[in-house]
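Here are the chains, one letter per residue:
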Amino acid sequence: MNKLFRFPGGLRLAGRKKLSNTTTIRPAPVPAELTVPLGQHIGAVPEVLVKVGDTVGKGQMLARPDGYVSAAVHAPSSGTVTAIESRPVPHPSGLSAPCVVIRTDGEDRWAELPAPISDWEQRDPAELRQRVREAGIVGLGGAAFPSSVKLNPGPGAVVEDLILNGAECEPYISCDDRLMRERAEQIVGGLRIIRHALQARRCTIGVEDNKPEAIAALREALSAAGERDVAVAAVPTRYPAGGEKQLIQVLTGREVPSGGLPLQIGVVCHNVGTAAAVYQAVVEGRPLISRVLTVTGAGVAAPANLEVRIGTPFSALIEYCGGYTPEVDRLLMGGPMMGFAVQDDLVPVIKATNCVLAGSGAEFPRPAEALPCIRCGACADACPVSLLPQQLYWHARAGDFDKTQEHELFDCIECGACAYVCPSQIPLVQYFRYAKSEIAEQERERKKADLARDRYEFRLERLEREKQEQAEKRRKKKEALRRAQEAKAEGAGGEKPAVDKQAAIQAALKRAEEKKAAKARASAEASNEESD
Ligand code: SF4
Ligand code: SF4
């Protein structure tokens, strides 16, 4: 058995998972219209490959990755592209984003898929990464970071530990639990492919100890695959044990440095759902067009875990689960601790949607008005990252964002443990999200200003360069003109003036001599006459 460690803080929460985890995963129906957002992941928005009016097959690539940190998106079913436009998407901001809209044809006909790679053990890791990239796989635990990037440790990097995250610590959510129970062989298959791609030395699957069936199913699948070197560790049920950094700490005793990545301490962590998707992409050639998610809460009649096509509206899932109950009060994407409210149930399921939570007023009472901070320190005790939430709160509230960064704001995983225990009911996480978005905005503005300054300086340089080039041109032109004049002058008899001058001198000398001779002759004649 693995030696386990503890992370600081954390909470014991009522799981409320039985609402949804007692029945098997069912496929949700394909809706009449699928709205597939292009930017469902962290990183660059992919480049659209289709146009309005195109007929698409299930699994056809709609947009290809644009840059290293980017992910492809695919048609979740067959049909016709009816629009490529901005539509509301599930996001805390409530904003719209570009989507490809498909009117489904009911045939659910596959497009031509890439060939399965059954001999993946013989393939180069780069080839497997490329397959994962083309399949559009992102972290399905909620982070939605492109998985192909996490499969590339980079030259010289050694992955000591590959960890599969099956902790699923957030209340109400049970999709990973059901996935581990029902599709453990796919998860184990994906784990082996990822291990090969990373050349990882050790592998551990971390599962909270409140999921004994999942632990048993994984152990059985490992045994069936002849995998004796992979451990399934039952980690204590303590929120947020499923946080990447917290699970790494529990399983290895090592801490990811502030602002750093797990790879810096030789660890890579993937979600169990991501591992199953990697298996499907490599061994079956199937891109990521659906995911398993939980529909739950007292606000929906029949909570369940469903396999849902990306792009399906939340409303269709609620309807499939028996509709809203009279108690429904709010709709969240994600769990009660880290999820966020969505204003409209027409927003589509995206790759990061692990839960659609229709909560009642009794489950989630409206927060009372916040009272002043009494500096009790309960928030700091609960923080799993050892931050000082009350300090962060003061600085965020005062708009002193430099100070929030000094207090490691960006290490905050927004788990909500601090707000949960705060006796003054201060919505701490909202302040932290606000501070992060303000800092991001300032950073964007700074980059914009830098860009504008660079452009201005470049323009000045260009003008100066053009000025110099023109001056040089003028000088050359002048020089050329002078040369041309000289050449012209030469062409008109270059040496002649000198010759003329010489001739004139000669002529003058001749004339002078003739004159002299004439004079001598005259004088001689005169003398002769006198003597006669
Ligand atoms: S728990 Fe609330 S009241 Fe207590 S120190 Fe933290 S922010 Fe202040
Ligand atoms: S939300 Fe952030 S500050 Fe609050 S407990 Fe979680 S990690 Fe700590």
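Residues numbered from 1 in each chain as written. Chains lettered and ligands numbered in written order. Predicted model: local features only at pLDDT ≥ 70, side-chain atom pairs only at ≥ 80, totals over all residues. Heavy atoms only, no water.

(A) Structural view of the overall build of the protein chain. A tally of helices and strands in the protein chain yields 14 helices and 17 strands. In terms of overall dimensions, the protein chain has C-alpha extents of about 170 × 60 × 50 Å along its principal axes. When burial is assessed residue by residue, the protein chain has 46% of its 532 residues classed as buried. Residue pairs in contact within the protein chain that sit at least 24 positions apart in sequence constitute 73% of those at least 6 positions apart. Approximately 27,100 Å² of the protein chain is accessible, and the part contributed by carbon and sulfur atoms is 52%. Charge separation in the protein chain, taken as the distance between the mean sites of 69 positive and 69 negative side-chain charges, equals 2 Å. (Helix = DSSP H or I, 4+ residues; strand = E, 2+ residues; numbered from the N terminus. Buried < 20%, exposed > 50% of the residue type's maximum accessible area, 1.4 Å probe, protein only. Contact = heavy atoms within 4.5 Å. Areas by Shrake-Rupley, 256 points an atom, 1.4 Å probe, with all protein chains shown as cover. Lys, Arg positive; Asp, Glu negative; His and termini not counted. Charge placed at Lys NZ, Arg CZ, Asp CG, Glu CD.)

(B) Summary view of the pairing of strand β11 (residues 230–235). Bridge count for strand β10 (residues 202–208) against β11 is six bridges, and the pairing is parallel. Among the inter-strand pairings, glutamate 208 is bridged to a residue of β11, identified as valine 235. Considered for its hand, the β-α-β crossover made up of β10, helix α5 (residues 212–224) and β11 is right-handed. (Pairing = 2+ DSSP bridges. Right-handed = clockwise from strand over helix to strand, strands pointing away.)

(C) Broad picture of the packing of aromatic side chains. Counted according to the given criterion, the structure contains four aromatic pairs. Aromatic side chains tyrosine 393 and tryptophan 394 sit 5.4 Å apart centroid to centroid with 45° between the ring planes, which places their arrangement in the tilted category. In this structure tyrosine 393 comes out as buried when scored by relative accessible area, which is 4%. For the pair phenylalanine 401 and tyrosine 434, a centre-to-centre distance of 5.9 Å together with 70° between the ring planes defines the contact as edge-to-face. Pair noted here: phenylalanine 401 is in helix α11 (residues 401–406) and tyrosine 434 is in helix α13 (residues 428–491), with a separation of 33 residues, a long-range link. Overall, phenylalanine 401 belongs to the buried group, its relative accessible area being 8%. (Phe/Tyr/Trp six-rings, centres within 6.5 Å; stacked < 30°, edge-to-face > 60°.)

(D) Focus on the sheet that holds strand β9 (residues 161–166). Strands sit in the order β11-β10-β9-β12 across an open sheet of four strands; the sheet is parallel. Two strands bound the open sheet, and with one partner strand each, they are β11 and β12 (267–271). Pairs of neighbouring strands in the sheet enclose a mean axial angle of 25°, with direction left out of account. With five bridges joining them, β9 and β12 adopt parallel strand pairing. (Axes fitted to C-alpha atoms, helices over the stretch in contact; angles between N-to-C directions.)

(E) Region of the structure containing the site of ligand 1. In the neighbourhood of ligand 1, the contacting residues comprise Cys373, Ile374, Arg375, Cys376, Gly377, Cys379, Gln390, Cys422, Pro423, Ser424 and Ile426. When atoms are counted within 2 Å of each cavity's grid points, the one that captures over half of ligand 1 is the second largest cavity. Residue classes in the shell around ligand 1 are distributed as seven nonpolar, three polar and one charged. (Near = heavy atom within 4 Å. 1 Å grid on protein atoms, 1.4 Å probe; cavity = no way out; pocket = protein on both sides within 12 Å on 5 of 7 lines; lining within 4 Å. Sits in = over half its atoms within 2 Å of the grid points. Nonpolar A, V, L, I, M, F, W, Y, C, P; charged D, E, K, R; others polar.)

(F) Unusual backbone geometry, seen in detail. In this structure, proline 240 follows tyrosine 239 across a cis peptide bond, with omega equal to 0°. Structurally, proline 240 can be placed in the loop between β11 and α6 (244–252).

(G) Representation of empty space enclosed by the protein. Taken as a whole and assessed by the stated rule, the structure comprises three cavities of 30 Å³ or more. Taken as a whole, the largest cavity spans an internal volume of roughly 170 Å³. Taken together, 15 residues line the largest cavity, and the ones lying closest to its centre are Leu140, Leu179, Gly273, Arg291 and Val292. Among the elements of the structure, α3 (175–182), α7 (272–283) and β13 (290–296) are those that each provide at least two residues to the lining of the largest cavity. The biggest single contributor to the lining of the largest cavity is α7, with four residues. Here the lining of the largest cavity is built from residues that sort into six nonpolar, five polar and four charged. Here the second largest cavity defines a volume of roughly 110 Å³. Among the elements of the structure, α9 (378–382) and α10 (389–397) are those that each provide at least two residues to the lining of the second largest cavity. Tallied by class, residues from the lining of the second largest cavity come to ten nonpolar, three polar and one charged. (Points joined across faces, edges and corners; volume = space filled by probe spheres on them.)

(H) Spatial organisation of the environment of proline 287. Within the secondary structure, proline 287 is located in the loop between α7 and β13. Between the C-alpha atoms of proline 287 and alanine 75, which are 212 residues apart in sequence, the distance is 9.4 Å. With residues up to four places along the chain from it excluded, the contact list for proline 287 reads Gly59, His74, Trp110, Leu113 and Ala135.

(I) The site of ligand 2, seen in detail. For ligand 2, the set of nearby residues contains 13 residues, the closest of which are Cys383, Cys412, Cys415, Gly416 and Cys418. Taken together, the elements giving at least two residues each to the shell around ligand 2 come down to α12 (417–421) and α13. Taken together, the residues of the shell around ligand 2 break down into eleven nonpolar, one polar and one charged.

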